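What the coordinates show
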Amino acid sequence: MIIKNIKISDFRNFSVCELEPSEEINIICGDNAVGKTNIIEAIWLLTGAKSFRNVKDNELIKIEKNESQIEANIISGGIENNLKIKIKEKRQYFLNGKRQNNQAEIIGKFCAVVFSPTDLNLVTDSPSVRRRFIDIAVCQLFPKYIEILRNYNRAVIQRNNILKDCIKDASLKFLLEDFEKGIIEYGEKIVAYRKRYIERLNEHAPKIYSELSRKKEFFEIEYVCSYKDSFKEELLAKKPIDILHGVTSVGPHRDDILFKINGFNAKEYSSQGQKRSICLALKLSEANIIESIIGEKPVTLLDDVMSELDKHRQNYILNHIKDRQVFITCCDKSNFDELEKGKIFYVENGQVK
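I will try to describe carefully the structure that is included in this document. Bear in mind that the values here come from a model prediction, so they are computed numbers and not experimental data.

**Thoughts on the overall build of the chain**
Counting its regular elements, the chain contains 8 helices and 15 strands. Expected size for 353 residues packed as a compact globule is a radius of gyration near 20 Å; at 22 Å, the chain falls within 12% of this value. By its C-alpha atoms, the chain is 70 × 55 × 35 Å across when sized along the principal axes. By residue count, 51% of the 353 residues in the chain fall in the buried class. Residue pairs in contact within the chain that sit at least 24 positions apart in sequence constitute 72% of those at least 6 positions apart. Here the chain displays about 17300 Å² of accessible surface, and carbon together with sulfur accounts for 47% of that area. When the 56 positive and 52 negative side-chain charges of the chain are each reduced to one mean point, those points stand 2 Å apart.

Below is the structure:
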């Protein structure tokens, strides 16, 4: 999978940014706060996902402008497609000049894996961050999962609203049943997708982690449900408590992903180096899974993470991103003075040279 060219308009601090990247390594170099990450972010948005910086779309639009636009020609499976995204009040998606009905119709046309500094907190952050990591990965591979998530979240919100009203008027309890059917139906599908994806992660991540740790430690991933046996039975059993608190207390929106090193919970018993190794193992595994399913290597985006890693981890990453298109942001291009193939782009004052 290759980006042949990309044009970014009125996006973040850029009025216009055009790149014709190398099919191999692309270094995006410049001082802090000049917009290097904005380029990586724009490329990532072509996957159809939300920003990896977890911001609202209106924050992506250049100040005093009404919309942003990202357009790229992408080669996948030997076929070139034109992808375009307009960011206004709502996103608009275009494939080869034709507007698409929703984001699910462009999912899979472009696949990428992104490493960013915030990913290094994946182990210690809240469960919602780990759920989001899994959900974004699944969405890239299975577009119909997007609608399942939407339907589930909508049903939970509606149930929560009724739960709050039930405190004032107990006769409204009968309204809960319709939304509970949707929560159970879509919730069970979400858990099945997540567990299946984690099974795939466990086929790759332990080996990668072992090599990162110089074969001194064993790593595994476990999906932790917010209920013990039956989702349906526990959801209904918790109804009195849910009414009391006004929230749905069980379901995939409360589940977590457990990372274990030598059998211990890494959130509680791991060093900074171990946490970084976990994140790297997860991201490299994600790339392997995408390749195994779509038959192509995803574009790899490395946002200012290489400088935070020791030489062993840097070399391991660079050895595992060969033969694919890569974009790396950095402040000091001297780290790549020995780069034999690829291109270096310099960012300064909202301009790319």
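**As for the environment of Phe 14**
With respect to the helices, strands and loops of the structure, Phe 14 is situated in strand E2 (residues 14-19). For Phe 14, a relative accessible area of 1% gives the class buried. Spatially, the C-alpha atoms of Phe 14 and Glu 67 are 12 Å apart, while their sequence positions differ by 53 residues. Apart from the residues lying within four places of it in its own chain, the contact partners of Phe 14 are Ser 9, Val 34, Gly 35, Asn 38, Ile 39, Lys 62, Val 347, Gly 350, Gln 351 and Val 352.

**What to know about the sheet that holds strand E5 (residues 79-87)**
Across the sheet, which stays open at both edges, the 6 strands sit in the order E2-E1-E4-E5-E6-E7 with antiparallel pairing between neighbours. The outermost strands of the open sheet, each flanked by one partner alone, are E2 and strand E7 (98-100). Taken over all neighbouring pairs, the strand axes of this sheet differ in orientation by 20° on average, direction set aside.

**Topic: the packing of helix H2 (residues 127-141) against helix H4 (residues 176-212)**
In the contact formed by H2 and H4, the axes pass within 10 Å of each other and the chain directions differ by 90°. Classified by the angle between their axes, H2 and H4 sit roughly perpendicular to one another. Here Arg 131, Phe 133, Ile 134, Asp 135, Ala 137, Val 138 and Leu 141 of H2 lie close against H4, whose contacting residues are Tyr 193, Arg 194, Tyr 197, Ile 198 and Leu 201. Taken together, the residues of the contact of H2 with H4 break down into 9 nonpolar, no polar and 3 charged.

**Things to note about the pairing of strand E1 (residues 2-11)**
The buried fraction of E1 is high, at 7 of 10 residues. Sheet topology note: the E1/strand E4 (residues 68-76) ladder contains 7 bridges and is antiparallel. By the bridge assignment for E4, Ile 6 is matched with Ala 72. One ladder, built from 5 bridges, connects E1 with E2; its direction is antiparallel. Opposite Ile 8, over in E2, you have Cys 17 as the bridge partner. The turn linking E1 back onto E2 is made up of 2 residues, and Arg 12 within it adopts a positive phi angle of 55°.

**As for the environment of Leu 120**
With respect to the secondary-structure elements, Leu 120 resides in the loop between strand E8 (112-115) and H2. The spacing of Leu 120 and Gln 272 is 152 residues in sequence and 8.8 Å in space, taken between C-alpha atoms.

**Topic: H4**
Maximal helix bending in H4 amounts to about 35°, located at Asn 202; proline Pro 206 follows within four positions. Directly after H4, the chain includes Arg 214, whose backbone phi takes a positive value near 55°.

**Observations regarding the pairing of strand E9 (residues 219-224)**
Alternating residues of E9 divide into Phe 219, Ile 221 and Tyr 223, all buried, and Glu 220, Glu 222 and Val 224, none buried. Note that E9 and strand E10 (residues 256-261) share 6 bridges and pair antiparallel. Counterpart to Phe 219 in the pairing with E10 is Ile 261.

**Some points on the environment of Ile 198**
By the secondary structure assignment, Ile 198 is in helix H4. Using a relative accessible area of 4% as the deciding quantity, one classes Ile 198 as buried. Residues Ile 198 and Glu 222 lie 24 residues apart in sequence; the distance between their C-alpha atoms is 7.4 Å.

Cut-off values and rules
Residues numbered from 1 in each chain as written. Predicted model: local features only at pLDDT ≥ 70, side-chain atom pairs only at ≥ 80, totals over all residues. Heavy atoms only, no water. Helix = DSSP H or I, 4+ residues; strand = E, 2+ residues; numbered from the N terminus. Rg over C-alpha atoms; globule rule 2.2 N^0.38 Å. Buried < 20%, exposed > 50% of the residue type's maximum accessible area, 1.4 Å probe, protein only. Contact = heavy atoms within 4.5 Å. Areas by Shrake-Rupley, 256 points an atom, 1.4 Å probe, with all protein chains shown as cover. Lys, Arg positive; Asp, Glu negative; His and termini not counted. Charge placed at Lys NZ, Arg CZ, Asp CG, Glu CD. Pairing = 2+ DSSP bridges. Axes fitted to C-alpha atoms, helices over the stretch in contact; angles between N-to-C directions. Parallel < 35°, antiparallel > 145°, perpendicular 65-115°, else oblique. Nonpolar A, V, L, I, M, F, W, Y, C, P; charged D, E, K, R; others polar. Bend = angle between axes of the 7 residues up to and from the residue.

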